[in-house]
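Listed here are the chains, written in short residue letters.
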Amino acid sequence: MSTASPTARAETFLPGPILLLGAPGVGKGTQAKALMAAYGIPQISTGDILRANIAHGTDLGKRAKSLMDQGQLVADDIVNGMVATRLQAPDVTRGFILDGYPRTRQQAGFMETLLTSQQPSAESAASDGLHLPLVAVNIAVDEDELLRRITGRRSCVVCKHIYNIYSHPPKAAGICDFDGSPLEQRSDDTESAFHERMKEYRAKTQDVIQYFSQKTGQFETVNGDKPVEQVTAAIEAALLRLRTSKR
Ligand code: AMP
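Treat the numbers as computed from the prediction; the structure is a model and nothing was measured.

A. Region of interest: the site of the ligand. Near the ligand, the surroundings consist of 16 residues, among which Thr46, Arg51, Gln72, Arg103 and Gln107 are the closest. At 3.0 Å, a side-chain N or O of Arg186 approaches an oxygen atom of the ligand. Bound to the protein, the ligand loses 96% of the 480 Å² it would expose on its own. Per element, the largest residue contribution to the shell around the ligand is four residues, and it comes from helix H3 (residues 46-55).

Given below as structure tokens:
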């Protein structure tokens with residue numbers, strides 16, 4: 001991970017709303033965590049919110065679990081509502097990183113309307129990232145590599161650090177390097193669920209990427225088939241360009 005301090009970067013530009021786009025397994029979650037540390041803004045992962053609902057046994061979690069296990073998308077209304085609620089928290093004012101949302105054109109439209117409706121007053125605009133246009137970074141990885149990443153992925157049950165048993169294994173098998181807790185595998189990180197997730201991605205999410213790619217000055221693609229730190233650096237460079245270029 002890059003060593004520049006969060007403060008130094010945070011002073012360079014207001015991050016504003018950032019979307020991380022890409023197929024399952026491209027590293028959106030890993031990169032969102034790196035950006036969160038770099039810019040001091042929250043990661044909002046609809047997958048994480050849904051998994052927390054499952055872990056807490058909520059009605060929403062019960063409804064979402066079988067769809068998620070099969071690799072299918074949860075209904076737009078459910079995830080839209082989750083994001084709308086999350087964006088009311090006070091920690092998003094300088095910006096936030098959406099990871100795994102929007103995944104359909106309907107979600108993209110909902111989110112754009114939501115952000116427009118949250119325009120701050122003129123007085124607060126100068127220090128408020130929410131007034132900025134959203135910027136989207138698409139992480140591209142060859143499909144052959146994605147299956148290996150998905151089936152090899154493990155995460156710490158406590159600190160949530162992500163490993164890959166093939167490319168980034170823990171020092172001791174099944175144990176987190178940082179806190180000694182056990183590692184777990186997501187129930188949808190199986191080969192069959194992966195194929196279903198890719199089907200959903202092709203049918204619904206590629207359209208979202210296509211939609212944002214047409215927005216000049218708001219979209220870039222980075223190569224995600226590199227070491228994590230290099231991908232982070234490429235995303236940060238893209239964000240700097242998108243936030244500082246004159247449209
Ligand atoms: P992720 O953690 O982003 O890979 O998401 C895991 C699963 O949660 C997905 O395969 C979907 O079943 C569900 N999910 C997460 N985000 C969304 C979304 N924006 N729209 C619909 N379903 C979602």
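Having seen the structure, we can now continue with the description.
B. Just helix H10 (residues 228-244), in detail. In this model H10 runs 24 Å from its N-terminal to its C-terminal C-alpha over 17 residues, within 8% of the 24 Å that 1.5 Å per residue would give. Within H10, the full set of buried residues consists of Val231, Thr232, Ile235, Glu236, Ala238, Leu239, Leu242 and Arg243. Angular distribution of buried residues about the axis of H10 spans 160°; they occupy a single face of the element.

C. Main features of the packing of H3 against helix H4 (residues 59-70). H4 packs onto H3 with a crossing angle of 115° between their chain directions and a minimal axis gap of 8 Å. Once H3 is placed against H4, the crossing between them reads as left-handed. Listed contacts from H4 to Gly47, Leu50, Arg51, Asn53 and Ile54 of H3 are Leu60, Gly61, Ala64, Lys65 and Met68. For the contact of H3 with H4, the class distribution of residues is five nonpolar, three polar and two charged.

D. Just the sheet that holds strand S2 (residues 43-45), in detail. Pairing within the open sheet is parallel, and its five strands lie in the order S2-S3-S1-S4-S8. Looking along the sheet, the strands with just one partner apiece sit at the ends: S2 and strand S8 (219-223). Strand-to-strand twist of the sheet, defined as the mean angle between neighbouring strand axes without regard to direction, takes the value 25°. Strand direction decides the pairing type here: strand S4 (residues 135-140) and S8, joined by five bridges, are parallel. Looking at S8, one finds that Asn138 is bridged to Thr221. Where H3 meets the sheet, it contacts S2 and strand S3 (95-99), and its direction lies at approximately 65° from that of S2.

E. Region of interest: H4. The set of residues buried in H4 consists of Gly61, Ala64 and Met68. Take H4 and look down its axis: the buried residues cluster within an arc of 75°, on one side only. Turned more than 90 degrees away from the buried face of H4, the exposed residues are Asp59, Lys62 and Arg63. Against H3 lie the buried residues of H4. At the C-terminal side of H4, Gly71 shows a positive phi close to 85°.

F. Quick peek at the confidence of the model for the protein. Mean pLDDT over the protein stands at 91; residues scoring 70 or higher make up 91%. Within the protein, helix H7 (residues 122-125) has the poorest average pLDDT of any element, 55, and S8 the best, 98. Below pLDDT 50 for its whole length, residues 1-8 participates in six contacts with residues either more than four positions away or in separate chains.

G. A look at the packing of aromatic side chains. Following the criterion strictly, the structure yields two aromatic pairs and no others. Seen from their ring centres, Tyr211 and Phe212 are 5.1 Å apart, and the 65° between their planes marks the pair as edge-to-face. Comparing Tyr211 with Phe212, the two get one shared label, buried.

H. Representation of the pairing of strand S1 (residues 16-21). Among the six residues that make up S1, six are buried, leaving the element largely enclosed by the rest of the structure. As paired strands, S1 and S3 are joined by five bridges and run parallel to one another. By the bridge assignment, Gly16 is partnered in S3 with Gly95. Where S1 lies against S4, four bridges are found, and the strand directions are parallel. Looking at S4, one finds that Leu19 is bridged to Ala136.

I. Focus on the side chain of Arg149. Mapped onto the elements of the fold, Arg149 is located in helix H8 (residues 143-152). Apart from the residues within four sequence positions on either side, Arg149 is in contact with Gly25, Val26, Gly27, Val141, Asn164, Gly224 and Asp225.

J. Region of the structure containing the sheet that holds strand S6 (residues 162-164). Pairing within the open sheet is antiparallel, and its three strands lie in the order S6-S5-S7. Here the strands that pair on one side only, and so sit at the sheet edges, are S6 and strand S7 (183-184). Pairing of strand S5 (residues 153-156) with S7 involves two bridges; the strand directions are antiparallel. In the strand pairing of S7, Cys156 is matched with Leu183. Set on the sheet, H8 makes contact with S5 and S6; between it and S5 the angle comes to about 35°.

How each quantity is defined
- Residues numbered from 1 in each chain as written.
- Predicted model: local features only at pLDDT ≥ 70, side-chain atom pairs only at ≥ 80, totals over all residues.
- Heavy atoms only, no water.
- Near = heavy atom within 4 Å.
- Polar contact = N/O pair within 3.5 Å; in protein donor to acceptor, adjacent residues only side chain to side chain.
- Areas by Shrake-Rupley, 256 points an atom, 1.4 Å probe, with all protein chains shown as cover.
- Helix = DSSP H or I, 4+ residues; strand = E, 2+ residues; numbered from the N terminus.
- Expected span 1.5 Å × (residues − 1).
- Buried < 20%, exposed > 50% of the residue type's maximum accessible area, 1.4 Å probe, protein only.
- Arc of directions from axis to C-beta.
- Axes fitted to C-alpha atoms, helices over the stretch in contact; angles between N-to-C directions.
- Left-handed = near helix turned anticlockwise from the far one by under 90°.
- Contact = heavy atoms within 4.5 Å.
- Nonpolar A, V, L, I, M, F, W, Y, C, P; charged D, E, K, R; others polar.
- Pairing = 2+ DSSP bridges.
- pLDDT = per-residue confidence, 0-100.
- Phe/Tyr/Trp six-rings, centres within 6.5 Å; stacked < 30°, edge-to-face > 60°.

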